[in-house]
Structure formats: structure tokens, C-alpha cells
Amino acid sequence: MLQHSLWITGATRSGKTTRLVSQFCQWIEADIGKSRSLSRPFSRMSRRDKRLAPGILVFAANDDTRRDLADRLTMAIQGRYPILSKTPLGFFQDEVMLFWPLLIQRLNLRAQFPLRLRPETEQELATQLWQAELERWGTQLPGANEDAKVRRILDLLQLAAVSGTAVGDIPSILETGFLEDQGTPELWECVGQMLLNWRRWCLDQGFLTYGIICDLYWSELLQDATYQQHLRQRCQAILADDVDDYPAIARDLFELLLDQGAVAAFTYNPDGKVRLGLNADPNYLEGLAGRCQIESLDTLPIGSLAEPLGGIAVDLVSDSVILSTLPESLQSMQTTSRAALLRQTAEVIIEGVQSGQVQPGEIAVIAPGLDAIARYTLTEILTSHNIAVEPLNDQRPLISSPMIRALLTLLALVYPGLGRLVDRDAVAEMLVVLSRKQEVPLDEGESPITTPHIDPVRAGLLADYCYSPNLEQPNLLPVESFPRWDRLGHRATTAYTEIVQWLEIQRSQQQQRLIPSCVVVLDRAIQKFLWNGSNLPYDQLAALRELMETAQHYWEVDGRLRKTPSDAANQAGITRKDTPAHTTIGQFIQLLRRGTVTANPHPVRRLAPAANNTVTLATIFQYRANRRFHRWHFWLDAGSPLWDKGGAATLFGANLFLHEWSGRPWTEDDKIAADSQRLQRILRDLLGRAGERIYLCHSDLAVNGTDQAGPLLPLVNAAVPRSSEAVFT
């Protein structure tokens, strides 16, 4: 048995995870946990052994890397040991759920099963609970609007929880860390009280958020002797990949296990720290190295641009040193307008693919932020040349999907009292979307296509003549209400009639109370109008799943609130006991129409973009977090001032909850220094993930027409200008 723990450190793609997998195999072969029969095949373990089998805790930084790590470990040991891989936040959540009875005793809570709030529901309920404070303090609270203010306050709770800070200490930290012109002591005291009230109210209802989960785990479970005993029995070893992206309380967990005799293997990337400024504390996690044998992987990744370009690029953006030339592997594309830049970027990709120099799956377009214009333009141009594009972890509001808008309009037509949520344009769009039918191809061997039987022109005419607005019950009239309905055509008339008849059936059943919730109506509509007996494209399927999971969760929360005792509900100002169902449906529709980004649906494992042979479209943050690698990189908007932000907004006050915080106010100089360090890490990390060529794509004007003079501009100006004759060897 190994007597020491291992700390594996190295640059991007230097082999850290491979070394971690090798260490795991050594542990299995050395019969770590021999008393639990860990070396025997899982299928031959006794029931008791299977219950105790996860004696090795496996951690990864995020859900994508977690699945990849679990696959690699399973293949390495040929399935001889059950792999249970978790993210730190996922582990904390599972532990709080598992030991909820213990927390009920410690906190004297009502005995009910906990329900985790999704982010969109968390924000809505917090807004209702804090309405009086939001109105009182108004513009003094941080944030541009009410939604932003609520989100920032909730983020403070999560930052405190993952850093191991008591909620009651938040006001003093904010008072010390912010200058007087950013907030008064009275304001921060109010913010602290708002969070304490929110925490207490959620626990009374049995609601959990990520912030409350982490707070309960660190302040209650991890300090409980009974839980520590269970943890010691269940865990003999720790395998943790990319700990530079872990929250601070993960170190507290690891040190407790190490004190109890567990061994561990950690990997750490000094150029990683992707989640610094969100919920990670990499420098605090690095303190674990003092308890381990350090193994440095000094070799730079083979086949990447990190070695020839890493030092030069960092020096250039840091010191603006003028170099005569840069290697041809780094080229620039410069235009005046961004529209021209997007077209030129797409043309270079098309040229490379059609000439056989590169496959679509070997190309990544990376930007600080991907707006709808860039996403749409690149996708349209590339797909028109039969080059598929896949946005990486694309997170857009549900309401941006036409299918989702159509389904919400349909809900407002089924249930009474929602007439204010329907208008003529929404009805026309709904008719187009819900009339899509699968067409059988004329030529044998061609794939079937889906086309709308009601085109936008006919939909507009039907909305003008057949839609009857009404605040209580808006309605679709029979097609004959349109004087020239005979000019619509058979397909459009039939499709419209099907929608009208379906609506009448749903209204009738709703009036007879035969429909338990609107989730059933949504499911019926999807089956009737959208599924069409065929497989939907992945993005559409994901949007529908996200809608159904969001709706199901919303009604679970609604059901819990309707059971809340009247005194508690009235005291909090949140009560739904006597609220009509259609009012709740209206609130749900308005929640989504505000552009709320809901939680991702339960992941459907799909092939990697390279396996799908698709061009990857990603923000800096998404690309780095997924640990991708491509032969060709296109760094879009290379002149953007957002490059040193890493493509992800730092949470409000995040620096104040790092263990390394000096205890003095965060100044502009501190911000500039942090941005400079982040930019250097981004450059080294991305260069290690590019294999052959990087294009710096820069336009003088941004999408809003302003000049772009970001931190990468010296690199853009020094790079070799791209010529159409350039070929790759």
C-alpha cells in the first residue's frame, strides 16, 4: 500500500490526467481497500461489498470532464471496479441529500424531503421574498436592474458558502472590501439580513440551492462527528483531477480525509484556474501540495503551439515589445467591419475544408463572447457549404427558440385569464411552428424533410381574421371566418383546423379538471405537433427537454408552496395556497419571456464535435472548461477588450472571499493586475490546445460600431497577415 499522497502538477495537456489514471490502476492492483474486496470483479462482489465499494472518491472539475474521466478509468481497469465520479458541488449535494435526517436533527427542521431549487426558480422566489428591501434600497444595491441585483445578492451567498465563510460574516467582509462610495455599512448589513432570511425561509420549506447546500455541508455535516465516522468508513482514497477549479471547502474535505488516513492523488494546472472569480479558490487548493509528494510534469504538450509561441505571446501582450516577425503558425485576419470579418472567417474555414487541409472536427472558433449575430452568420455560411457547426454548451434563454414561444402561446390559449399574454404576432408564429409536417421525399434515398403547412403569409392572414382577442379567453375562430379561406389551400386549411380542434379538446378537459397540470398540455402538444414520429435535431430536442424539466420543477415548487402553513407564507409574503392555477401558469410564461436562462436539461451524452466532424463554436470559458484540443483555432474578435476577462463575468465580490484576500479594499490596480495574470494564463492554455495554426480574427469596429483596442492587439499587429495563397504543411 502506498504511504504517501501524490500532487501532479504540469502545464496544459502535459499528461496529468493520464498519470492520474495510471495511479488509479496502481491502487487497484495494489489491493487498496483489500478488506472490502475492491480487487474482485464487481459482478462477483457480495451485496455488502457493493454497498461499500466506492472506497475511492473520484472528482473532476465539471460534468463534461467528469464523464470523460469516468470513461477513461473504466477502460483502464476493464470494468473490474465500479467508478463513481463526482464534481465537488455534485458530491456536496448528494451528501446533504443523503444525510438530510441528520441535518433535520441538528437544525430542528420540519421533516420533509428536500427539493433543490433550479436557478430560475431560486431567483423568482428570492425576488418575491425581498420585495420590500428591493424597493427600499433601490439604486443603492449593486446591479443594473432588479434581476441583476437579486442575482448578485444570491451569488454572495454561494461565494461565502464555497469559501467556508459563515453567512453572518458577509456584511463585515463587504464593508471592509468595498470602498465607501460602493456601499454603506447599513446597506451591507441589510444584504446580510436578506441572505439570512432567505436561508431560513428555504430551510423551513425544505428548499435547497447550491449556496445553501455548500453552506450546510461545510458548516454542519463536515463538523459532525457522526458524519465524519461514516465518511471514514466509505473512503480510503481520493482521486481528484484539475483541483485548480475546485471550491475552497473541497480542500477542507480532502484534509479531513487525509487526517483520517486516506491517500490521495491530485492534478493541478498553474495555467488553468478557469473558474477563478466564479466559485474556485485555486491558490488555497494548492496548499494541499505540502501534504503530498510533488511530481512535476515539465514537458510541454507535443504537437501544440505552446512551446514555439507561449513565451513570445505572453511577453508581447505584457510588455508590448515590437518583434520583427512571428512564426507563420500565428496569422492575423484584419477587416474594418465585423460583418466582413465574419464572412472572411467562414471563407477561410470553407477553403481549408474543401481543399482537404483540415476536417471540420479539427477546427474551433473561440471568442470572448458569442453574440447572436456571430453565431447565426457563421452557422448559416458554413452549413450552406455542408459544414456542420456545433456551439459548445450553448446557453441561451429558452424563449429564443420558436418552438418554445409557440408552446407558451398555446398554453395561454388553453387556460383562461391569460389573454394579455397573447398577441397577433405570437399567434401567427405559433401557427407556422405547429403546422410543420414531415414530407416524404420524391427521390428514393433522400432524407425526409419537415416543412410548415402554414407559411408565414397565410399564418399572418389567419391571425388577422381568425384570432379573437379576449382578456379572459382568447380564441381561434373557424377557418371560415376568413372571407377568402378558399384561397388558403388544402394543406394550410387542414393544419389550421387540426390546431383549432385540438385546442377545443384541451379547453374542454381543462374545464372538467381532467388535466392535472400544464405539463400534461405541453407534453400532448409536443407529441401532436412537434414530434411527428421522427427524431428532432439535437438543439430542438434539448430545448424541449429543458422546457419540460423547467415546467415540471416549477409545479413541484408550486405544490410545495401550496402546502406551506398560512402563518409562514403570510410572514414571508409568498403564498400560493389560494392562487388559481391559471395565475401560476401566467407567472411561468412571464418568467420565461423575461429571457431567464434556465438550468440545463439532464444531459444526453452525445458524440464529441470531432467525432461528429463539426466545427466547434465556443467562448473562451467554455472551451477551456471542456479541455478541448483542435488543429486549427480561429480567435474571433481578437481585438476585443474582453479577452482578459476570460469570456466569463467574475461574480460580484468574488475576490473578497478568496483565502488569499489581503483584507483591504479591492482597488482598480488590483483589478488590472488580476486581469493581466488571467490573460497570461488564457494565452498559455489556449496555445497548448492548438495544434497547427491560429488565426487572430480582428475587426477595427466592434458589433456596436466602437473601436476595438483590446489587450491582444499587439499580438494581432505583430502576427503574419493571412494571404489567400497560404497553404499548410
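See the structure above.
Criteria and cut-off values
Residues numbered from 1 in each chain as written. Predicted model: local features only at pLDDT ≥ 70, side-chain atom pairs only at ≥ 80, totals over all residues. Heavy atoms only, no water. Pairing = 2+ DSSP bridges. Helix = DSSP H or I, 4+ residues; strand = E, 2+ residues; numbered from the N terminus. Contact = heavy atoms within 4.5 Å. Axes fitted to C-alpha atoms, helices over the stretch in contact; angles between N-to-C directions. Parallel < 35°, antiparallel > 145°, perpendicular 65-115°, else oblique. Left-handed = near helix turned anticlockwise from the far one by under 90°. 1 Å grid on protein atoms, 1.4 Å probe; cavity = no way out; pocket = protein on both sides within 12 Å on 5 of 7 lines; lining within 4 Å. Points joined across faces, edges and corners; volume = space filled by probe spheres on them. Patch = residues over 30% accessible without salt bridge, like charges linked within 9 Å, V, L, I, M, F, W, Y side chains within 5 Å. Areas by Shrake-Rupley, 256 points an atom, 1.4 Å probe, with all protein chains shown as cover. Salt bridge = Lys/Arg side-chain N within 4 Å of Asp/Glu carboxyl O. Buried < 20%, exposed > 50% of the residue type's maximum accessible area, 1.4 Å probe, protein only. Core = buried A, V, L, I, M, F, W, Y, C linked by side-chain atoms within 4.5 Å.

Student: Explain the sheet that holds strand 8 (residues 293-297) here, please?
Tutor: Sheet strands line up and pair through hydrogen bonds in the backbone, either parallel or antiparallel. Taken together, the six strands give an open sheet; going across it, the order is 3-2-6-7-1-8, and neighbouring strands pair in parallel fashion. The open sheet terminates on both sides in strands that have one partner only, identified here as strand 3 (85-86) and strand 8. When strand 1 (residues 6-10) meets strand 8, the two strands line up parallel, connected through five bridges. Note that in strand 8 the partner of Gly10 across the bridge is Leu297. Contacting strand 1, strand 2 (56-59), strand 6 (237-240), strand 7 (263-268) and strand 8, helix 1 (residues 16-29) crosses the sheet at an angle of about 170 degrees to strand 7.

Student: What exactly am I supposed to notice about the packing of helix 21 (residues 490-511) against helix 22 (residues 518-531) here?
Tutor: The packing of two helices is summarised by the inter-axis angle and the distance between the axes. The N-to-C vectors of helix 21 and helix 22 enclose an angle of 160 degrees; their axes lie 12 Å apart at closest approach. Viewed along their axes, helix 21 and helix 22 adopt a mutual orientation that is roughly antiparallel. Both helix 21 and helix 22 take part in a crossing whose hand is right-handed. When helix 21 is examined against helix 22, the residues Glu498, Ile499, Trp502, Gln506 and Gln509 are found in contact with a partner set consisting of Val521, Arg524, Ala525, Lys528 and Phe529.

Student: In this structure, what is going on with the environment of Leu683? I would like to understand it.
Tutor: Counting through the fold element by element, Leu683 comes out in helix 28 (residues 668-687). Residues Leu683 and Leu309, spaced 374 residues apart in sequence, show a C-alpha to C-alpha distance of 9.4 Å. Once you skip the residues sitting within four places of it in the chain, Leu683 turns out to touch Ala313, Val314, Val317, Trp635, Leu712 and Leu715.

Student: What should I look at first to understand empty space enclosed by the protein in this one?
Tutor: Empty space among the atoms can be located by rolling a probe the size of a water molecule over them. The final tally for this structure, using the stated rule, is three cavities of 30 Å³ or more. Of the volumes computed, that of the second largest cavity is approximately 80 Å³. Lining of the second largest cavity is provided by 13 residues; of these, Val162, Asn279, Ala280, Phe657 and Leu658 occupy positions nearest its centre. At three residues, the largest contribution of residues to the lining of the second largest cavity is made by helix 8 (residues 146-163).

Student: It is not clear to me how the sheet that holds strand 17 (residues 630-636) should be interpreted in this structure. Could you clarify?
Tutor: A sheet is described by the order of its strands in space; here seven strands give the open sequence 11-16-10-17-18-9-19, paired in parallel fashion. What marks the edges here is a single partner per strand, and that holds for strand 11 (389-391) and strand 19 (720-721). The strands touched by helix 16 (residues 338-354) within the sheet are strand 9 (330-335), strand 10 (363-367), strand 16 (615-619), strand 17 and strand 18 (690-699), with strand 17 carrying the most contacts at an inclination of about 170 degrees.

Student: Teacher, can you tell me more about a nonpolar patch on the surface here?
Tutor: Taken together, Val457, Leu461 and Tyr465 make up a surface patch of nonpolar side chains, about 280 Å² in accessible area. With respect to the helices, strands and loops of the structure, Leu461 is situated in helix 20 (residues 456-466). Classification of Leu461 as partly exposed rests on a relative accessible area of 32%.

Student: What should I look at first to understand the nonpolar core in this one?
Tutor: A general tendency of soluble globular proteins is for nonpolar side chains to be buried together. Core analysis: the largest hydrophobic core is formed by 86 residues, its most contacted members being Phe92, Trp130, Trp198, Tyr217, Leu253, Phe254 and Phe266. With 10 residues, the top contributor of residues to this core is helix 10 (residues 185-205). Within the second largest apolar cluster, 62 residues are counted, among which are Val427, Leu462, Leu536 and Ala551.

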